[in-house]
Structures are given as C-alpha cells and as structure tokens.
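Single-letter residue listing:
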Amino acid sequence: MKQDEALKLFCRHAFGTDSPLEEFEKLSSDIVAATAGLPSALEAIGSSLFLVKSKKAWRETLTALEAAPHKRVQAASEKSHTNLDKNERQIFPDSGLKMDNSHVTSHSSSMSRRPPPEVFLSFRGPDTRRHFAKFLHMMLTKAGIDVFLDEKDLPKGNDINDELIAAINQSIISIVVVSEDYVSSKSCLMELEQMLKRKDSESHTIIPIFYYVDPSDARRCKGPFARSFCGHNDSGVDAIVIRSWKSALCRIGKMKAYHLHENNEGDHVNLMEEIVHEVKQKLNKEDLKQLVGVDAHVKRIMEKMDVDYRNGQAVKIGDTREKVLGISGIAGVGKTVLAKYIYHQLRHMYDGHSFFGKIQAEIERGNILSVQKQLISDLGDGNAHKFNCSDEALIFIRNRFKRMKILLLLDDVKDHEQLSKLVGKLDWLGLRSRVIVTSQRKDVLKNIDGAETFVLGLMEKDEALTLFCRHAFGADSPPQKFKDLSRNIVAATGRLPLALEVVGSSLYLVDSEAVWRETLDALEIAPHDKVIAALAKSYGNLNDEERQIFLDIACFFIGEDNRIPYYMWDDCNYSPSKSILALIAASLVKIGEDNELGMHEILKNFGREIVRNQNQDKPYKRSRLWDDKALRVLKRRKGTGEVGPFGLEFGDGSEGHTSFDCDQFDGLENFGFLNLDRVNSQGNFGDRLSSLMWLDWPGWPKNIDFQTLNLGLQNLVVLDLSWSQVNKDCSGWKLLEEARKLKVLRLTGCAQLIATPEFPASMELERLILEGCSKLAVIHPSFGNLTKLVYLNLKGCSCLSELPDFGPMTGLKELVIDGTSITRIDFQEGSMRKLKTPSACDCKHLTEITDLIRCLESLTYLALDGSDIVTLPEPIGSLEQLETLSLKNCERLIDLPDGIGKLTSLQVLDLSSTAINKLPTSVKDLKDMKVLRMRRTFIREFPRAVLNLEKLEEMDFSLCRNLEGMVPDEICGSSSLAILNLSDTQICALPACLSRLSRLQKLDISRCYKLESLPELPAGLIIVR
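Rules and cut-offs
- Residues numbered from 1 in each chain as written.
- Predicted model: local features only at pLDDT ≥ 70, side-chain atom pairs only at ≥ 80, totals over all residues.
- Heavy atoms only, no water.
- Helix = DSSP H or I, 4+ residues; strand = E, 2+ residues; numbered from the N terminus.
- Buried < 20%, exposed > 50% of the residue type's maximum accessible area, 1.4 Å probe, protein only.
- Contact = heavy atoms within 4.5 Å.
- Salt bridge = Lys/Arg side-chain N within 4 Å of Asp/Glu carboxyl O.
- Pairing = 2+ DSSP bridges.
- Axes fitted to C-alpha atoms, helices over the stretch in contact; angles between N-to-C directions.
- pLDDT = per-residue confidence, 0-100.
- Core = buried A, V, L, I, M, F, W, Y, C linked by side-chain atoms within 4.5 Å.
- Phe/Tyr/Trp six-rings, centres within 6.5 Å; stacked < 30°, edge-to-face > 60°.
- Lys NZ or Arg CZ within 6 Å of the ring centre and 35° of its normal.
- Parallel < 35°, antiparallel > 145°, perpendicular 65-115°, else oblique.
- Left-handed = near helix turned anticlockwise from the far one by under 90°.
- Nonpolar A, V, L, I, M, F, W, Y, C, P; charged D, E, K, R; others polar.
- Polar contact = N/O pair within 3.5 Å; in protein donor to acceptor, adjacent residues only side chain to side chain.
- Right-handed = clockwise from strand over helix to strand, strands pointing away.
- Expected span 1.5 Å × (residues − 1).
- Arc of directions from axis to C-beta.

Named according to an unreviewed UniProt entry, the protein is Disease resistance protein L6-like originating from Rhodamnia argentea.

The following block contains the structure:
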C-alpha cells in the first residue's frame, strides 16, 4: 500500500480514526514503514496497539519489528502462512506464524482442552459496526480476562451445541451486545435464554450493551426486534418458542445496561474501559495495588460520602440523603484516576450511573445540551428526547430522576457556573444518591448545600519514586546506576503524577546517563511539555489581573507574607483579595499557616517559563526580570519601559556589595517592584524610581549617601531594609518623610538597631516589622504617630523590656511580642478594641496578665506559650470571641479560673506541659470546643466535664503519667471525637460503648501497660497504636 493509505489503515485499527494522535504521529509512521505497508501486518499491529497509551509499549513494538516480525503480528494475524502471498511470506517466516487462538474460543475449539472461560461474549457479528465487539474482546483479553467468543451463526434448524451451553454455564459473566439485527439470529436468542436460565438457577452476571438500538424497544419487542420476530414466524418457528425468546429479550431490556447511540458516537473507548473495569471488579481482578498511593485517599473519600468501605470493597451506602463530593487539585495531580476508581467501586450499587469525562472539552466541541442528553441516556432513559435548550433538559433531569438512586461522576468541570448550568444545584437527587465532581477549582461546589470537598495533594516521596520507576523501568524501584538520578528527577517534577508518568515514559529503555542528566537539567528550568499543556488550560481560565498576580508570585513572592504584596497590587488598581481567592480556588496558589504565599514548584517553573517566552531573544522587553537576565540588562544599559518587577539577587554568599551607577537604570521607569540584594549604587536617580511601589533592599549599605542618590520614592508603599546595618542615626530615615504613601516598613534582622527611628506625624504606616532586631531596646515616643497601624511584630527583640504606649493604636489587630523581655501585659482601658491576635510566646519573664485584658473584646486568638505565669485573671471570661487559647509550656501554671467556662466561642484549648492537675467544672460549658490538648500534665483522672461536648474532635492526654483508672462511659457523648491519644498513661480500661464513636479514626494507647483488654472498636478506625 502507499504510505498515506497504509498510515490510514493502521490508524483505523490503532486509534479508530484516519489519523494518529499528535503524540504518536512519528511512532505511527515508523511502525507503518517497518511493516512494509502490508495490510495484514498493519491491521494486526494496529489492533494490538489499540488503546495502548504507553509510548514505551509502542517503542518496544517498533524495536521488535525492525529486528524481526513482531509476535503480536503473528498472534493477531487472521491469515495462516499458507494463505500469504509471496511478498508476505518474505516478511513473515513460517516459524511460529500460525495464529495463537489460546485467548479466543469458538465453536471449533474443545472445551476440554482449556480452562472454563470467565466471560461469554454474545453478539451478532455483521451488525456491530466499527468492529465494536472485536475491540471489546481485545480489551478484555489484554486485561487478562479469559473470553469465549462466539463468532459463528447457527445453521438453519439447529440448536446451539453442547460446547456453547457449557461455555455459558462455566462462565461467570455473560456480555450481550444487542444490536439491530441481533434478534434475527436464532443462536443469539438461544444463548440469551441459556444465560437467563443460568442467572435464575445460580450466580451469574449478565451485562447487556444496547448497540444503536433503544432499550425500550427491547422491553416491548418493538421496532427492529418486532420485524425479526416476524421473520422467525414466517420461517416456521413455533409460536411458543418465539414467546419464550420475546420474554428473554424483554428481561434483558429491563436490566441495567450500557447504551451506545448517536449522542455518544465518539465515546466508544470510554464505554469499553468502563465495561472492562466492571468485569475486572466482578472477577476480583482489579484492586488498589495497580495504583500508587491512593489507598488512604479512597478510605477518606468513602468516609466523606458515607460509604461503608472494608478490605478494599464498598459494602454499603449510608442511609443519609444525597451526598455531593468535589475532588480538587492542580492539573495532573490524579483527580480523574482517583474519581474513576471510586466510581467503579460504587456503580454496581445504584439504579443508574453516569461517568462523563472531560466535560470542559466536550462543551467546547458541542454545548451543554449535548452533555445533558448523554446524562439522560446513561441514567436509563434511552428514549430520544428533543429539547430546545439546556434549561428544558435540566427540568427533565430534575423531574425524571428525582426518585432514583443514582451515581454521577462529572469530570473536569470548569467552575460552579458550568456545573449549575449542567445539573442545577443537585437538589433533585434521590435518596442515597452520590455525585463526584472533579475540578481544578476548590469552589466548584460553592452553591451546593452540604457538599463535601477533598483536596488531592502531591504524592509522598516514596510513592512518587515508585510511580516514576514503573514508567521508566517497568519496576517499583530504580537500578543502582540510576538511583540518584531517579530521585533527583522525581524531586524536579514536584511529585506531580502527570509529570512522573510522562517523564518516566520518555526515559523508558534509555540507558544513557547523559540523556537522564539533560532531562533533569531541563526539568529544573521548566516542566515537561505535556505538563505545560495541562497547566496552560488553568492559566487560560484566569482573567488578566489574576494572571499578572500569578506571575508576580511565581517570579518574586513565594514565601512572602501574602498581606504585604496586597499593598502594591492595590496601588496598581487591582483587586488582590478577589484575585488571590480565585487563584486559591483554581489550586494555583496556596496560603500557608503563617500567611505565606506558596505554590507547587512545578507551577513556579511554569509561571517563570511564561515570562521567559515573552521575548526569548530580547529579555529587556519582558514584563519581569530577575537573576542573571536582570543583571545583564543593567550592565548593558538595555532597560525599557516594558519591564515591571525587577529583581537583583546575589545569594552566593560573596562579601561586599555589587555596585551600579544610577544611569544604568535608564529606561526602567515603570518599575513596580525592585529588589536590590546587597547592591551599592552611585549617582542621582532623579525620577527613575518615581513609579516604584516596593523597594526591597536587603543588606542596605551602611554608609550610602541618600541625599545624593535622590531616590524619589513618593509612590512607595512597601520598604524592606531587612538584614541591613542601619541604626537609629542612619541618614536613610529621611525616606520616611519622603515616602508619604508608605504602608509597610520591614526591618527584620537589623542587628545594629538599638532604637527605632523617629516616625513622622504624616505617616500612614499600617505594618511595622522589627522581628529579630536583637539589640532593640527603645521604641521612639513618636511611635504614637502611627495611628493607622494594624500589625506590629517585635518577635525576638530580646532586649525590649517595656511595650510602647498603645493608646493611639485604635486599629491594631495583630501584636507579636514573642521572645521579648516584658514582665507584664497591661493595656489602657478603651485601647486596642480591634486587637484580634496577640502572641506573647517564650516571654520567659512574663509573670502577670492584668484584669484589663477584659477590654480586648475582639480577641480571637491568645498565645502565652512558655511564659512564667501562674494563673490567668478571672475576667478572661469576658473574651466572648476567643477561639484559641494556647498556654503550652507554661510550667508554673497550676490552675485555670472558673471564668474559663464563659469563653463560649472557644474551639482550641492547649494546656500541654503545664502544672495543671484538674480542670474547673465550668469547662462543661465550652460547647464549641473542638480540640483539648493536655499532653504531659499532672491530671489524675479523666475529666468528666468535657465528655459531653458534642463538637469535641480531638483529646490528647499522652504522657500524663498520673492519669489512671477507667475512661468513663460518658465519652460516648463526644459524638464528633476523631482523635483520642492516651499513650504513656496509667489508664486500665476503655468503655464498652467505644464502638459507638463512629467518627473515631485514631486511637493511641501505646505503652498503656495497665490496659489488659480492648472492647469492640469503631468500624471506621484507621489508626490503632
């Protein structure tokens, strides 16, 4: 055959289309060339690679073909050697060519020579277009399933033979492909009757597939089926036999079935994958061992969906009403794989089920109405319905399926708006129905009442290495030669499953260490092309403002307190709060426990690659510059107004400062952010920095002449001079008068700063950070001018023994004084009414908290860890909004006031490593409490006062070596309890009612040597120590 014709024939068998997938284009051409264009070879090789997505398998096939005729050609070829022509015989030598039919059984095979088949496949051969049954048989066989394939029709007047009856009786599952002409075959009808006899007499599963026919026609014996029965009647078949056949067809039509029709024309592959998965599940051939690192995820999701899940199997659906669960995470993290596994574990337990993959892509190709029609068809209504719009289809869905118990998997939903248009608010679901939605957005279910969420994170290191090795080596661990390179590549992928798979596959059979090192070097700069393509879709869904903020974070602000860049973005007329929430919802950015901005390493590299590609040959025209490219632009005086944020970082540990003349910054007048890491500068800036909003100048030179520099920082909102040699007499403090818009002043780690500078009366400063200024002892009286201050950080100012006057600080919300030398916390009455989170940890000299703490009416968080206090003032009960009280490591704290019971909003109480030996009875009133930690305290008996707190989720009494006796029965009143830690205590017995704590997941009783026996434990317990 000609090359283009040969390629088309090969692709029809390999892909079901006339052309190859883009990523297999070259491999397809090479394989076609290796077969010399012989049709039989093209068909056999193409069929053997059908649905094989692993490039390594394709490369193996090509390598084998180039050396000799491939075994798969020999096994799949339908021609014997005697039927080949002269040219074909030159390609296929005689030895071993005859078709291996061990995986296929037909009428001519002897059942006595083979083990009983697992699956009996019944279909009407001429009637299944596009070789559907052939491909289904191939997929089942590749999955290791023994299939009896009935390919021959029955001669007139004959009954089905004993071999067919034996095959049906010995098989575990029968698959019936009911097509338009299926009923015209007497053998098919007889097989159908035999399957139903088997089903009625013993355990036998029948899986019907309606192939371009309406299941309702089968139930009513109408349409093409009626015509076929008329034909049988005309040919003299007995009426009683025909009635029996009709009864059999009617029963099949009423069964839960797969349905192929015009509306899901292109979805054959997904449907066949579902069938294979169901068969494997019913034959117990599929389990979590085939996946890596998902076992814990499956258990957690099943719990969230109220499914009784044991020993890797879903046992029972809870009696709760409907449950909707969203699985979110960045592109390539494995959401679809996990969701499909859950779906296939549950689907057999429902009246109707539908898995719709890649919804975004489907909607882009068609419209929401086409997806809704598919949903209607999948859920069991095979009748063709006409709708003028998607709203009409949604009304039909709400009314038609509200009494059914259904399971839906909606994969790759763009956002909550798309979900709402597709299926509404899902308030139409029937009792015990379940819906799984995958999306990159965490807020996809924001309009669904009671929805559960599950954020799928990165793989653990060992699991990531296993997944990579399976694709790179076909084994769970690397050879010694590639051990270090494998670990480094896994780290460079950020442990993202998609990256691990595509990079691993690209290195399969590659034995060159040089190639592996090149791959590693490339990954450390930018992600793999396929990963970039996946992430680009998420990036493309952002608006322009969100994209700019995403790129700013990727290039400059990872690890930065998220609240500080807000000031710069706000000055750019952005809406940073809204944009950051959108980026978090899209799983592109995260906020850490300490408010730091973060993102996956692969996302950081992706964002930086976007900037690098803006002008590859002319970096001075890029929107952002950093590292060596920024340095090169300055040295070559190539600055342009197109550059925005600009970073010079010299983190190589070299001593001294790199120096630049001010005129080297010519052309860079649109700076928004400028990082001058240990840079010295000379000359006069003039108006070159007039647009600058954020100056980050760590290691500010001590003797720089600021008057000469004339920085012109009138638009500055953030000034960071951390780790500099500045002191109270530094001439640079004149900047504070010049920068009238300044909102943030950060002086972290300025070890020579003994006293703060004078703060001008005109300052509108909102955040002052003096953390780690270890010699700071004096705060200038002008501190009172900072009336708009909302955040003050004095952490680690160990020489500071007195706090400033906070009287004017009416807007202060956060106060951090950890590690200072203060002895007393006292406030003026009426001051700091907005203070929410004071932290005074590790203040070793702090001995007193005055009664005026009652004035801090807005407090939600109070941490006094490691202080020298003995008790708390009784008025602490006035803090009605307090949610967290942490007193751990206060070793002299011996009791709590009764007023503690008035903290009606308290959720977390940490008393670990204190001298407390009992709790006041008033703690019984802490109805909102979720966490009680009393690790390493002197408590003697289990505190009964907390045992009926219904919201309590965690109790930790570990290392309480005086705690003895029984855990009271009243603990069963703590119905939300999930974690109970009693390790290293003298507890001697657990209550018999413990099994009623259905939410208990972790019970730690390690080294409880007096505990002699265990009662019945809760079924959902995951960890027992």
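Resuming the write-up.
Participant: Report on the overall build of the protein, specifying residues and quantitative values.
Facilitator: Along the protein, the regular secondary structure elements total 31 helices and 39 strands. Residues classed as buried in the protein amount to 54% of the 1025 residues present. Across the protein, every contact between residues at least 6 apart in sequence was considered, and the portion connecting residues at least 24 apart equals 60%.

Participant: I'd like a rundown of the pattern of salt bridges, residues and numbers included.
Facilitator: Per the stated rule, a full pass over the model turns up 39 salt bridges. Asp826 is the partner of Arg824 in a salt bridge, and the nearest nitrogen-oxygen pair spans 3.2 Å. Connected through shared salt-bridge partners, Lys743, Glu764, Glu766 and Lys788 make up one network.

Participant: Give a detailed account of the sheet that holds strand β11 (residues 406-410), specifying residues and quantitative values.
Facilitator: In a beta sheet, neighbouring strands pair by backbone hydrogen bonds and run either parallel or antiparallel. An order of β10-β11-β12-β9-β13 is seen for the five strands of this open sheet, with the pairing classed as parallel. Each edge of the open sheet is held by one strand with a lone partner, namely β10 (352-356) and β13 (452-455). The average undirected angle you get between the axes of adjacent strands in this sheet is 10°. As paired strands, strand β9 (residues 323-328) and strand β12 (residues 434-439) are joined by six bridges and run parallel to one another. Looking across to β12, one finds that Lys323 is bridged to Arg434.

Participant: Residues and numbers for the confidence of the model for the protein, please.
Facilitator: Reading fine detail from the predicted coordinates is not recommended where pLDDT is low. Here the protein averages 83 in pLDDT, while 87% of its residues score no lower than 70. Across residues 70-114 the pLDDT falls below 50, and counting only partners more than four positions away or on other chains, this stretch makes 79 contacts in the model. The low-confidence segment residues 153-157 (pLDDT under 50) makes nine contacts with residues lying over four places distant or belonging to another chain.

Participant: Break down the nonpolar core for me, with residues and values.
Facilitator: Most often, soluble globular proteins keep nonpolar side chains buried together rather than apart. Core analysis: the biggest nonpolar cluster contains 117 residues, and Leu768, Leu864, Leu885, Leu887, Met955 and Phe957 have the highest contact counts within it. Excluding residues within four positions of it along the chain, Leu864 makes contact with Ile825, Ala840, Cys841, Leu846, Ile849, Ile869, Leu872, Ser886, Leu887 and Cys890. Val294, Tyr567, Leu588 and Val718 belong to the second-largest nonpolar core, a separate cluster that totals 87 residues.

Participant: I'd like to hear about the packing of aromatic side chains, residue by residue, with values.
Facilitator: Within a pair of aromatic rings, the relevant descriptors are the distance that separates the centres and the angle that separates the planes. Tallying each qualifying case throughout the model produces 24 aromatic pairs. Ring geometry for Tyr211 versus Tyr212: centroids 4.8 Å apart, planes at 75°, classification edge-to-face. Summarising the burial analysis for this pair, Tyr211 and Tyr212 share the class buried. Between Trp697 and Trp700, the aromatic rings sit 5.6 Å apart at their centres with planes inclined by 15°, giving stacked as the arrangement. With respect to class, Trp697 is no different from Trp700; both count as buried. Of the aromatic side chains, those joined through ring pairs into one cluster are Phe556, Phe557, Tyr566, Trp569, Phe673 and Trp694. In this structure, Lys405 is placed above the aromatic ring of Tyr350, and the distance from its NZ or CZ to the ring centre is 5.4 Å.

Participant: Tell me about the packing of helix α13 (residues 268-282) against helix α15 (residues 335-346), residues and numbers included.
Facilitator: At a minimum axis separation of 10 Å, α13 and α15 run at an interaxial angle of 60°. Taken together, α13 and α15 sit at an angle that is classed as oblique. Two packed elements cross with a definite hand, and for α13 against α15 that hand is right-handed. Contact residues: Glu273, Glu274, His277 and Gln281 in α13; Lys340, Tyr341, Tyr343, His344 and Gln345 in α15. Looking at the contact of α13 with α15 residue by residue, the classes come out as two nonpolar, four polar and three charged.

Participant: Kindly report on the packing of helix α20 (residues 461-472) against helix α21 (residues 483-492), identifying the contributing residues and their values.
Facilitator: In the contact formed by α20 and α21, the axes pass within 10 Å of each other and the chain directions differ by 110°. By the angle class used here, α20 and α21 are roughly perpendicular. By crossing handedness, the relation of α20 to α21 is classed as right-handed. In contact with Ala464, Leu465 and Phe468 of α20, α21 contributes Ser486, Arg487, Ile489 and Val490. Across the contact of α20 with α21, the residue classes break down as five nonpolar, one polar and one charged.

Participant: I'd love a proper account of the side chain of Arg746, names of residues and values included.
Facilitator: Mapped onto the secondary structure, Arg746 falls in strand β23 (residues 744-746). One polar contact links Arg746 to Glu560, side chain to side chain, over a distance of 2.9 Å. At a separation of 2.8 Å, a polar atom in the side chain of Arg746 contacts the side chain of Asp720. Not counting residues within four places of it along the chain, the set of residues in contact with Arg746 comprises Glu560, Ile564, Trp694, Leu719, Asp720, Leu721, Ser722 and Ile769.

Participant: Describe unusual backbone geometry, with residues and values.
Facilitator: Of note, Asp412 is a non-glycine position whose phi angle comes to about 65°, a positive value. In this structure, Asp412 sits in the loop between β11 and α19 (416-423). For Asp412, a relative accessible area of 13% translates into the label buried. The backbone of Asp842 shows a phi angle near 60°, a positive value even though the residue is not glycine. Under the relative-accessibility criterion, Asp842 is labelled partly exposed at 44%.

Participant: So, the environment of Glu829: which residues are in play, and what are the values?
Facilitator: The topology assignment puts Glu829 in the loop between β27 (824-825) and β28 (837-839). Beyond its immediate chain neighbours, meaning those up to four positions away, Glu829 contacts Leu852, Arg854 and Cys855.

Participant: If you had to explain the pairing of β11 to someone new, which residues and values would you point to?
Facilitator: Burial analysis of β11 places five of its five residues in the buried class, the great majority of the element. Side chains of β11 alternate between two faces, with Ile406, Leu408 and Leu410 and Leu407 and Leu409 buried alike. In the sheet, β11 pairs with β12 via four bridges, with the strands oriented parallel. Across the sheet, residue Leu407 finds its bridge partner in β12, namely Arg434. Handedness of the crossover joining β11 and β12 through α19: right-handed.

Participant: Any chance you could break down helix α24 (residues 529-540) for me, citing the residues and the numbers?
Facilitator: End to end, α24 covers 16 Å across twelve residues, agreeing with the expected 16 Å (1.5 Å per residue, within 8%). Among all positions of α24, only Val531, Leu535, Ser538 and Tyr539 are buried. Down the axis of α24, the sector holding all buried residues measures 95°, keeping them to one side. Residues Asp529 and Ala533 are exposed on α24 and point more than 90 degrees away from its buried face. Of the surrounding elements, those touching the buried residues of α24 are α22 (497-506), α25 (544-557) and α28 (601-612).

Participant: Can you explain helix α12 (residues 239-254)? Please cite residues and give values.
Facilitator: When the terminal C-alpha atoms of α12 are compared, their 23 Å separation across 16 residues agrees well with the 22 Å that a helix rising 1.5 Å per residue should span. Looking at α12, one finds that the buried residues are Ile242, Trp245, Ala248, Leu249, Cys250, Ile252 and Gly253. Buried-residue contacts for α12 involve β4 (173-178), α9 (186-201), β5 (205-211), α10 (215-220) and α11 (224-234). The N-terminus of α12 is capped by Asp238, whose side-chain oxygen sits 2.7 Å from the backbone nitrogen of Ile240.

Participant: Run through the environment of Leu765, naming residues and quoting values.
Facilitator: In this fold, Leu765 is placed in the loop between β23 and β24 (767-769). Distance from Leu765 to Leu736, taken between C-alpha atoms, is 9.7 Å for residues 29 residues apart in sequence. Look past the residues within four positions of Leu765 in its chain and what remains in contact with it is Leu742, Lys743, Val744, Leu745, Leu786, Lys788 and Leu789.

Participant: Please provide a residue-by-residue account of the side chain of Thr756, values included.
Facilitator: Inspection of the secondary structure assignment puts Thr756 in the loop between β23 and β24. Among the residues examined, Thr756 registers a relative accessible area of 4% and is labelled buried. What Thr756 contacts, discounting residues up to four positions off in sequence, is Lys728, Leu770, Leu776, Val778, Ile779 and His780.

Participant: Can you break down the environment of Leu429 residue by residue, with the values?
Facilitator: If you trace the backbone, Leu429 turns up in the loop between α19 and β12. Here Leu429 falls in the buried class, since its relative accessible area comes to 1%. When the C-alpha positions of Leu429 and Asn399 are compared, they lie 9.7 Å apart, and in sequence the two are 30 residues distant. Not counting residues within four places of it along the chain, the set of residues in contact with Leu429 comprises Arg321, Glu322, Val324, Lys402, Ile406 and Val435.

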